[in-house]
Amino acid sequence: MFTLFHHPFCPHSRFIRLVLGELGIDLQLVEERAWERREAFLAMNPAGTTPVLMIEGQSPVPGAGIIAEFIDETLGAEAGERRLLPQAMTERVEVRRLMAWFNDKFFEEASNPLVTERIYKRFMSEDEGGGPPSADVMRAAKANVRYHLAYIGWLARTRNYLAGDRITYADLAAAAHLSAIDYLGDVPWSEDDAAKAWYARVKSRPSFRPLLSEWLAGVPASRTYVDLDF
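Conventions used here
- Residues numbered from 1 in each chain as written.
- Predicted model: local features only at pLDDT ≥ 70, side-chain atom pairs only at ≥ 80, totals over all residues.
- Heavy atoms only, no water.
- Pairing = 2+ DSSP bridges.
- Helix = DSSP H or I, 4+ residues; strand = E, 2+ residues; numbered from the N terminus.
- Contact = heavy atoms within 4.5 Å.
- Axes fitted to C-alpha atoms, helices over the stretch in contact; angles between N-to-C directions.
- Core = buried A, V, L, I, M, F, W, Y, C linked by side-chain atoms within 4.5 Å.
- Buried < 20%, exposed > 50% of the residue type's maximum accessible area, 1.4 Å probe, protein only.
- Parallel < 35°, antiparallel > 145°, perpendicular 65-115°, else oblique.
- Nonpolar A, V, L, I, M, F, W, Y, C, P; charged D, E, K, R; others polar.

Q: Give me the sheet that holds strand E2 (residues 27–31): which residues, what numbers.
A: Read across the open sheet, the 4 strands follow the order E2-E1-E3-E4; overall the sheet is mixed. Bordering the open sheet on either side are E2 and strand E4 (61–62), each of which pairs with just one other strand. For strand E3 (residues 52–55) and E4, the ladder comprises 2 bridges, and the chain directions are antiparallel. Along E4, the bridge assignment pairs leucine 53 with valine 61. Sheet strands touched by helix H1 (residues 11–22): strand E1 (2–6), E2 and E3. Its angle to E1, the strand with the most contacts, is close to 160°.

As structure tokens, then:
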């Protein structure tokens, strides 16, 4: 049994959920509010961040990148055509480069600030960093979304998927981060038709359905989040 400690709007958690969904792995979800710094959770991941994957009889696997590598090393060979990390070394490097781009750079510059300011802070106490969202932080993050979207559009115009001919970790990482902020209506889809068309293709995959069904009380989803034909 696979158990994922996650937050529904944590972009890294969403990435791993998409990965496991693509591979058809049954998953038990445990919501974790990382900012509460539960002692039992810190014992699994001293960094105190989601996601953490637990498999019965094994040690915890913490962090999106580590989990992705673990999944490929343990299940990739038997996944066949569904394998999300290519076999050729040059292709693997490109997938890893883009996976890091979205899980590190996009996260730091865009998805994490927006999710933190508009979602996490609603549930945090003052001691945990809660309070009203910062307009300056959100303004800067929204500006960063635009250049990341332009980069996705360039990749989508020059390749079938972001890293090559078929879907990989790169696409799922990018889509996971975009989905979290698309819920908030913070993706300017009208600015890049190629990025929009690529995202619509990924969003229509069965692995995406559980994410699209999740809603946050008091924060309605944007029209583009719920509309597969946006």
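Q: Please give an account of the nonpolar core that cites residues and values.
A: In terms of nonpolar packing, the biggest core is built from 74 residues, with Phe15, Leu53, Ile71, Tyr169 and Trp198 touching the most fellow members. Beyond its immediate sequence surroundings of up to four residues, phenylalanine 15 is in contact with Ala64, Ala68, Met99, Asn103, Tyr169, Leu172, Ala173 and Ala176.

Q: Before we move on, could you go through the packing of helix H5 (residues 135–158) against helix H7 (residues 193–203) and cite the residues and values that matter?
A: Where H5 meets H7, the closest approach of the two axes is 7 Å, and the angle between their N-to-C directions is 75°. Viewed along their axes, H5 and H7 adopt a mutual orientation that is roughly perpendicular. Between H5, through Leu149, Ile152, Gly153, Ala156 and Arg157, and H7, the contact on the second element is made entirely by Ala194, Ala195 and Trp198. Looking at side-chain class alone, the contact of H5 with H7 contains 6 nonpolar, 1 polar and 1 charged residues.

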